[in-house]
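Observations on the three-dimensional arrangement
Here's the letter readout for the chains.
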Amino acid sequence: MALRKIAYIEDDILRKKSRKVETFDERLHVLLDDMAETMYKNNGCGLAAPQVSVLRRAIVMDVGEGLIEVVNPEIVSREGEVDGVEGCLSVPGRQGYVLRPQKVVVRGQDRNGKPIELTCEDWLARCACHEIDHLDGRLYVDIMHEEVFQTDEAEEEKS
Ligand code: NI
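Note that the structure is a prediction, hence the values are computed from the model and not measured. (Residues numbered from 1 in each chain as written. Predicted model: local features only at pLDDT ≥ 70, side-chain atom pairs only at ≥ 80, totals over all residues. Heavy atoms only, no water.)

What follows deals with the overall build of the chain. Across its full length, the chain carries four helices and eight strands. Element order for the chain, N to C, with α for helix and β for strand: α-β-β-β-β-β-β-β-α-α-β-α. Against the compact-globule benchmark of 15 Å for 159 residues, the chain has a radius of gyration of 15 Å, which places it among compact chains. By its C-alpha atoms, the chain is 50 × 35 × 30 Å across when sized along the principal axes. Within the chain, contacts between residues separated by at least 24 positions form 66% of all contacts whose residues are at least 6 apart in sequence. (Helix = DSSP H or I, 4+ residues; strand = E, 2+ residues; numbered from the N terminus. Rg over C-alpha atoms; globule rule 2.2 N^0.38 Å. Contact = heavy atoms within 4.5 Å.)

See below:
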């Protein structure tokens with residue numbers, strides 16, 4: 001496994017639409033392994049392939065319940081709406097409020113091409129929507145309704 005370089009907000013690759021994965025080979029497995037390592041090293045809860053400059057439809061997530069990989073993920077149903085604060089490894093140092101479904105059902109494939117279906121709620125639903133957005137070139141900053149600004153006090157606490 002290897003760490004991959006994260007693309008940042010000014011990089012055009014984050015605005016492109018990723019292509020469907022058709023070949024479930026060793027190259028895909030290495031990509032997924034590297035994505036997980038890169039996500040964990042950067043304390044992220046999700047990462048999409050375009051964030052490591054690969055325009056393929058693959059995401060990894062871990063909201064504290066173990067690693068989840070989804071290839072060619074699609075949201076097939078959504079329920080409810082919740083507001084919450086999001087950040088993104090491609091947009092360091094910023095956070096914003098985004099409305100997301102409370103629950104989504106995601107269909108896709110595992111690393112070997114086997115169909116999978118996941119019911120995601122709360123943080124996992126938020127994370128899945130955020131990562132799938134990346135595959136279509138969309139960032140949370142495009143859809144946030146309010147940016148979170150660090151107060152002076154919060155800055156002091158960090159230093
Ligand atoms: Ni992100």
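What follows concerns the environment of Asp12. Within the element layout of this structure, Asp12 appears in the segment before helix H1 (26–41). Taking C-alpha positions, Asp12 is 24 Å from Val30, a pair spaced 18 residues apart along the chain.

Here the focus is the side chain of Glu69. Mapped onto the fold, Glu69 is located in strand E3 (residues 68–79). A polar contact is formed between the side chain of Glu69 and the side chain of Arg111, at a distance of 2.8 Å. Among residues more than four places away in sequence, those in contact with Glu69 are Leu32, Ile59, Val60, Gln109, Arg111 and Ile116. (Polar contact = N/O pair within 3.5 Å; in protein donor to acceptor, adjacent residues only side chain to side chain.)

Coordination of the nickel ion by the protein is provided by Cys88 (SG), His130 (NE2) and His134 (NE2), with metal-donor distances spanning 2.1 to 2.2 Å. Read in sequence order, the donor residues for the nickel ion give the motif C-x41-H-x3-H. One end of the pair, Cys88, is in the loop between strand E4 (82–86) and strand E5 (95–100); the other, His130, is in helix H2 (residues 122–135), with 42 residues separating them in the sequence. This pair shows no difference in class: Cys88 is buried, exactly as His130 is. (Donors = N, O, S within 2.8 Å, 3.2 Å for Na, K, Ca; no water. Buried < 20%, exposed > 50% of the residue type's maximum accessible area, 1.4 Å probe, protein only.)

Quick look at the nonpolar core now. Counting residues in each nonpolar core, the largest one holds 15 residues, and the members touching the most others are Ile59, Met61, Val70, Val104, Val106, Cys120 and Ala128. Secondary-structure elements contributing two or more residues to this core are strand E2 (58–61), E3, strand E6 (103–109) and H2. Counting residues per element, this core draws most heavily on H2, at seven residues. Contact partners of Val106, with chain neighbours within four places excluded, come to Val70, Pro73, Glu74, Ile75, Ile116, Glu117, Leu118, Cys120, Ala128 and Ile132. In this structure, Leu28, Leu32, Met35 and Ala49 belong to the second largest nonpolar core, which totals 12 residues. (Core = buried A, V, L, I, M, F, W, Y, C linked by side-chain atoms within 4.5 Å.)

The next point concerns the state of the cysteines. Counted by the stated rule, this structure contains zero disulfides. In this model Cys45 remains outside any disulfide bridge; the closest cysteine sulfur is found in Cys127, 4.1 Å from its own. A residue is classified by how much of its surface remains accessible, and Cys127, at 4% relative accessible area, is buried. (Disulfide = S-S within 2.5 Å.)

Okay, unusual backbone geometry next. Backbone geometry places Asn43, a non-glycine residue, at a positive phi of 55°. Its place among the elements puts Asn43 in the loop between H1 and strand E1 (46–48). Look at Asn43 and you get exposed, because its relative accessible area is 71%. Positive phi is not limited to glycine here, since Asn72 has a value of about 55°. Residue position: Asn72 is located in strand E3. Given the relative accessible area of 7%, Asn72 is considered buried.

Another point: the environment of Phe24. By the element assignment, Phe24 lies in the segment before H1. For the pair Phe24 and Gly113, spaced 89 residues apart in sequence, the C-alpha separation works out to 6.0 Å. Sequence-distant contacts of Phe24, that is, excluding residues within four places in its chain, are made with His29, Val71, Asn72, Gln109, Asp110, Arg111, Asn112 and Gly113.

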